Amino acid sequence: MAGARLPNTPTLARIPEYGLRALEDSGLSLPQAATVVYTAVHYTFGHVIEEQDSAEAEPTEEFALAYPTVARTMEEGRRVGLTATDVFDAGLSLIIGNG
């Protein structure tokens, strides 16, 4: 995915094509539709790459001392059972305006 380019990957090009068409058909201008579609596509690809590249890491004590708010956020997510899918869905909802 990281090296794929739309002109050389017709299957991949269908994703923005269908999204752009649907948003234009619903009344958005092409620039508005493109902003939504490409932001969502880049967000999705970035999330997938990060998910594949990063193992679930536990913060060390040194990390928690240096970045206490980040460590608390990670701990709270684990405490409430927040999954990577939950985080992805919340972010995508913000992008498409449902959050």
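Read on for an overview of the structure.

Conventions used here
Residues numbered from 1 in each chain as written. Predicted model: local features only at pLDDT ≥ 70, side-chain atom pairs only at ≥ 80, totals over all residues. Heavy atoms only, no water. Helix = DSSP H or I, 4+ residues; strand = E, 2+ residues; numbered from the N terminus. Buried < 20%, exposed > 50% of the residue type's maximum accessible area, 1.4 Å probe, protein only. Contact = heavy atoms within 4.5 Å. Areas by Shrake-Rupley, 256 points an atom, 1.4 Å probe, with all protein chains shown as cover. Salt bridge = Lys/Arg side-chain N within 4 Å of Asp/Glu carboxyl O. Axes fitted to C-alpha atoms, helices over the stretch in contact; angles between N-to-C directions. Left-handed = near helix turned anticlockwise from the far one by under 90°. Patch = residues over 30% accessible without salt bridge, like charges linked within 9 Å, V, L, I, M, F, W, Y side chains within 5 Å. Phe/Tyr/Trp six-rings, centres within 6.5 Å; stacked < 30°, edge-to-face > 60°.

### A few points about the overall build of the protein
- The helix and strand inventory of the protein stands at five helices and zero strands.
- Tracing the protein from N to C terminus, the helices and strands come up as α-α-α-α-α.
- Counting all 99 residues of the protein, 12% fall into the buried class.
- Taking as baseline every contact in the protein between residues at least 6 positions apart, the subset at least 24 positions apart corresponds to 40%.
- Summed over its atoms, the accessible surface of the protein is roughly 7,500 Å², and 59% of this surface lies on carbon and sulfur atoms.

### Regarding the pattern of salt bridges
- Across all of its chains, the model carries three salt bridges by this definition.
- Close ionic contact of Arg78 with Glu75 constitutes a salt bridge, the shortest N to O distance being 3.0 Å. Taken as a pair, Arg78 and Glu75 lie in helix 4 (residues 68-79) at a separation of three residues, close to a single helical turn.
- According to the relative accessible area criterion, Arg78 is partly exposed, its value standing at 35%.

### Some thoughts on the packing of helix 1 (residues 10-25) against helix 2 (residues 30-53)
- Relative orientation of the contacting elements helix 1 and helix 2 amounts to 140 degrees, with a least axis distance of 9 Å. Considering the relative orientation of helix 1 and helix 2, their crossing is right-handed. Residues Leu12, Ile15, Pro16, Gly19, Leu20, Leu23 and Glu24 of helix 1 touch helix 2, and the partners they reach there are Leu30, Ala33, Ala34, Val36, Val37, Tyr38, Val41 and Phe45.

### Quick look at the environment of Thr85
- The residue Thr85 is located in helix 5 (residues 84-96) in this model.
- Thr85 sits 38 residues away from His47 along the chain, and the two C-alpha atoms are 9.8 Å apart.

### Remarks on a nonpolar patch on the surface
- Residues Val80, Leu82 and Val87 make up a contiguous nonpolar surface patch of roughly 260 Å² in combined accessible area.
- You can see Leu82 is positioned in the loop between helix 4 and helix 5.
- Judged by relative accessible area, which is 48%, Leu82 ranks as partly exposed.

### Observations concerning the packing of aromatic side chains
- If you walk through the whole model with that rule in mind, you get two aromatic pairs.
- Geometrically, the ring pair formed by Tyr43 and Phe88 is stacked, given 5.1 Å between the ring centres and 15 degrees between the ring planes. Residue Tyr43 is found in helix 2, and its partner Phe88 is found in helix 5; the two are separated by 45 residues along the sequence.
- Seen in terms of ring centroids, Phe63 and Tyr67 are 5.1 Å apart; in terms of plane orientation they differ by 40 degrees. Their pairing is tilted.
- For Phe63, a relative accessible area of 27% translates into the label partly exposed.

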